[in-house]
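Here's the letter readout for the chains.
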Amino acid sequence: MDTPTLLAHLHHHDTALSLPRGAFLRWDDADLHRAAHTGDPEGYALLGLAPGVRPWQRARVLLQILAASQAGLDDRARAVQARVARVLTLGLPPAHVITVLLALRRLRANHKHTTRTALRFVLEHPAADALIAARRPALRDCFEHALGTATARGCASRIAGGDTASDYLQRRLLRFLTHPAAAPARVRALYNADNAAAAAAAGGPAAAGEPVLPVDTVRERPATITATNRGDIAATLVHLYRGGPAEDLYAALGRYVGAAAAAFPRFTGTVALVMDASASMRGYGDREWAALSQTAALRMVLSQVCARLEVIETGGDERTPRGATDLATGVLDALGAGPDLVAVVSDGYENVFPGDLARVVASLPHAGITTPVVFCHALFTGSDDLTLRRPAPALPQRGFWHQDDFAELLPWMFGHCDAGAPWLRAALHDRLDALDRQADTLTARIAA
């Protein structure tokens, strides 16, 4: 699995899956998803939970892991896929999940893990009553595909006649569910519009169109972006650079950096950070210290996350930025440290021999150097114009302007090197564990 390519695709490609009437499923990147799943089923499923993955890409991951057979997978990989599927059915908009389940019907894909996931969504989703009232024909189709039409209708007929816990229902329906007590009423609602309306009116989440489990933290963009509302670490550094009370600020800075670093596993490899400390990084006016403080914040977090961090400053330093930007020499010096990854962090203004970084990077493979090099854009806002700020367009590039961006930036960075593979898997397992706990709390509250 080509992790950097797949992760970039998951972050940027958000074309919807579609099911035209009487036509094949329209899935424009199916080959990429199938190949990634075949190469590493567990790692592929986990990548669907990476911060910043687009909703329709998460829907594709759900579709792929439900459509594919699990024959030959070990218990660990099966368990991870089941847990990811559960999180995604709660963390995606219900309409996306319904599209996935109808796509499985169109593809005639039905495995035991597919059946279990489909039935739990239709009958146990926290907004199931409202969803059945709004999308009854579609959910009935999903229900019948999961069990088989004859079995599904047989269960519905028995439930309509008053059966709620017979051996027949247990073997054919209830054994797939976590909380089977609510199933009979919802099966009746699937086959009876009046029952569906009554169930929806009885209560339950009103926002049936929204995910009930937030996979990514919702970030509110400030109405006005300043140098001091880009995260606690950068804000504290700005106050220090402006001459604030050093003792108190340094104490707060240590707490903020420690808390931010604690969100990530330990990276056991070596990162060489080429840190642009030229005059342009200081900025001016309302933007003074914004880019440099955010770059320094990243350095501080990496210093606690990485077993070995080599910092190569170009220009001045983070307290006295000065001079021009010589990124090419910085990269060559960084490679001399023998790192697993070189990360260039800059605002993108290369004013010593413009184009030199691009030429150096292009020459590295010819010199037998395979160390990955990535470019991290220090931005003032997420919508900066980078037309004149791409000194090496061939390099993998990603921007960041807020401390919260580190949650996406670090997996992207480490995903480019072999030493980052175990780190990324550990980080995504931690993320899955946290989301699983939230899902447990959510479903337990609904069941109660």
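Residues numbered from 1 in each chain as written. Predicted model: local features only at pLDDT ≥ 70, side-chain atom pairs only at ≥ 80, totals over all residues. Heavy atoms only, no water.

*Asks:* Pulling in residues and values, what's your account of the overall build of the protein?
*Replies:* Of regular secondary structure, the protein possesses 19 helices and five strands. Structurally, the protein occupies a C-alpha span of about 85 × 50 × 35 Å along its principal axes. Per-residue burial for the protein yields a buried fraction of 53% across its 448 residues. Here the contacts in the protein between residues at least 6 apart in sequence split such that 76% fall between residues at least 24 apart. With the model as given, the accessible surface of the protein reaches about 19,600 Å², and the carbon-plus-sulfur share is 51%. Side-chain charges in the protein split into 46 positive and 45 negative, and the spacing between the mean points of these groups amounts to 10 Å. (Helix = DSSP H or I, 4+ residues; strand = E, 2+ residues; numbered from the N terminus. Buried < 20%, exposed > 50% of the residue type's maximum accessible area, 1.4 Å probe, protein only. Contact = heavy atoms within 4.5 Å. Areas by Shrake-Rupley, 256 points an atom, 1.4 Å probe, with all protein chains shown as cover. Lys, Arg positive; Asp, Glu negative; His and termini not counted. Charge placed at Lys NZ, Arg CZ, Asp CG, Glu CD.)

*Asks:* Any chance you could break down the sheet that holds strand S1 (residues 267-277) for me, citing the residues and the numbers?
*Replies:* Pairing within the open sheet is parallel, and its five strands lie in the order S2-S1-S3-S4-S5. Bordering the open sheet on either side are strand S2 (306-315) and strand S5 (397-400), each of which pairs with just one other strand. If you compare each strand with its neighbour and ignore which way they point, the axes differ by 25° on average. Bridge count for strand S4 (residues 373-378) against S5 is four bridges, and the pairing is parallel. Within S5, the position partnered with His 377 by the bridge is Gly 399. On top of the sheet, helix H15 (residues 290-305) reaches S1, S2, strand S3 (341-346), S4 and S5; it is set at about 155° to S2, its chief contact. (Pairing = 2+ DSSP bridges. Axes fitted to C-alpha atoms, helices over the stretch in contact; angles between N-to-C directions.)

*Asks:* Quick one: what's the story with the pairing of S1, residue by residue and with numbers?
*Replies:* Most of S1 is tucked away, with 10 of its 11 residues classed as buried. Relative to S2, S1 runs parallel, the two sharing nine bridges. Paired with Thr 270 across the strands is Arg 308, a residue of S2. Read as a crossover between parallel neighbours, the route from S1 over H15 to S2 is right-handed. Pairing of S1 with S3 involves five bridges; the strand directions are parallel. If you follow Ala 272 over to S3, its bridge partner there is Val 342. (Right-handed = clockwise from strand over helix to strand, strands pointing away.)

*Asks:* A description of the layout of surface pockets should follow, citing residues and the corresponding values.
*Replies:* Counted as a void, the second largest pocket has a volume near 520 Å³. Along its surface, the second largest pocket is lined by 26 residues, and Arg 86, Arg 120, Glu 124, Thr 178 and Thr 443 are the ones closest to its centre. Counting residues per element, the ones that place at least two in the lining of the second largest pocket are helix H4 (55-67), helix H5 (75-91), helix H7 (112-124) and helix H19 (420-447). Grouping the amino acids of the lining of the second largest pocket by side-chain chemistry returns 11 nonpolar, nine polar and six charged. (1 Å grid on protein atoms, 1.4 Å probe; cavity = no way out; pocket = protein on both sides within 12 Å on 5 of 7 lines; lining within 4 Å. Points joined across faces, edges and corners; volume = space filled by probe spheres on them. Nonpolar A, V, L, I, M, F, W, Y, C, P; charged D, E, K, R; others polar.)

*Asks:* Residues and numbers for the nonpolar core, please.
*Replies:* In summary, soluble globular proteins display a tendency toward joint burial of nonpolar side chains. Residues Leu 173, Met 413 and Phe 414 are the most contacted members of the largest nonpolar core, which totals 125 residues. No other element matches H15, which puts 10 residues into this core. If sequence neighbours within four positions are ignored, Phe 414 has contacts with Phe 267, Val 271, Leu 302, Val 305, Cys 306, Leu 341, Gly 420 and Trp 423. Among the nonpolar cores identified, the runner-up in size contains 18 residues, and Val 342, Leu 364, Val 373 and Leu 395 belong to it. (Core = buried A, V, L, I, M, F, W, Y, C linked by side-chain atoms within 4.5 Å.)

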